[in-house]
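What follows is the residue order along each chain.
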Amino acid sequence: MLDTYRGSSLRTLSPLEEQAYKVLTKFSFKKFQEELGRASQYKVHDETDMMYMVDYYKDPHSQRHKVFWNGDLVSCCCRHFEFWGILCRHVLTVFIHKDCFEIPARYLPLRWCRDEFHSMDAISMHSEE
């Protein structure tokens, strides 16, 4: 029954959504899902080295968002992550575009993670020292 309940919460078959579901609290997962859903309405317009220009698919003249991603660190000019602690639709669009299937741990802030993840994170941080 638990598997049935969990499956009903996932809207896509995205590995990003599945990972977020396993780690994030119910509230933060819902916010993540909203951004992931909106990411499907954006496209990478231009790509140079580690900089990506992302815009709304219906209006190529809408505000373009600059996303920097070097495969490890990511940032977006909208500053959504810095303000909310949840990755924005622009970053998620780039992740999808570049076939990134896992959210780097640094973009899963402990304040939005389930308690059991806090324990696992503390253990893994201690073992890395």
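Residues numbered from 1 in each chain as written. Predicted model: local features only at pLDDT ≥ 70, side-chain atom pairs only at ≥ 80, totals over all residues. Heavy atoms only, no water.

Caption draft 1: Representation of the nonpolar core in the model. Ranked by internal contacts, the top residues of the largest apolar core, which has 30 residues, are Phe32 and Phe95. Contributing elements (two or more residues each) for this core: helix 2 (15–23), helix 3 (26–39), strand 1 (42–48), strand 2 (51–56), strand 3 (65–69), strand 4 (74–76) and helix 5 (89–97). When near neighbours in sequence (up to four residues on either side) are disregarded, Phe32 contacts Leu16, Glu17, Ala20, Leu24, Ile86, Leu92 and Ile103. (Core = buried A, V, L, I, M, F, W, Y, C linked by side-chain atoms within 4.5 Å. Buried < 20%, exposed > 50% of the residue type's maximum accessible area, 1.4 Å probe, protein only. Helix = DSSP H or I, 4+ residues; strand = E, 2+ residues; numbered from the N terminus. Contact = heavy atoms within 4.5 Å.)

Caption draft 2: The environment of Lys26, seen in detail. Its location among the elements puts Lys26 in helix 3. Separated by 86 residues in the primary sequence, Lys26 and Trp112 have C-alpha atoms spaced 8.9 Å apart.

Caption draft 3: Representation of the packing of helix 2 against helix 3 within the structure. Between helix 2 and helix 3, the shortest axis-to-axis distance is 9 Å and the interhelical angle comes to 170 degrees. The angle between helix 2 and helix 3 falls in the class roughly antiparallel. As for the relative orientation of helix 2 and helix 3, their crossing is right-handed in sense. Residue-level inspection shows Leu16, Glu17, Ala20 and Tyr21 of helix 2 in contact with helix 3, the latter providing Phe29, Phe32, Gln33 and Leu36. For the contact of helix 2 with helix 3, the class distribution of residues is 6 nonpolar, 1 polar and 1 charged. (Axes fitted to C-alpha atoms, helices over the stretch in contact; angles between N-to-C directions. Parallel < 35°, antiparallel > 145°, perpendicular 65-115°, else oblique. Left-handed = near helix turned anticlockwise from the far one by under 90°. Nonpolar A, V, L, I, M, F, W, Y, C, P; charged D, E, K, R; others polar.)

Caption draft 4: Highlighting the pattern of salt bridges. Enumeration according to the criterion identifies 8 salt bridges in this entry. A salt bridge links Glu82 to Arg79; its shortest N-O distance comes to 3.8 Å. The exposure class assigned to Glu82 is partly exposed, which follows from its relative accessible area of 41%. Among the residues examined, Arg79 registers a relative accessible area of 49% and is labelled partly exposed. Among the ionic contacts, a cluster of salt bridges with common partners joins Glu35, Arg38 and Arg89. (Salt bridge = Lys/Arg side-chain N within 4 Å of Asp/Glu carboxyl O.)

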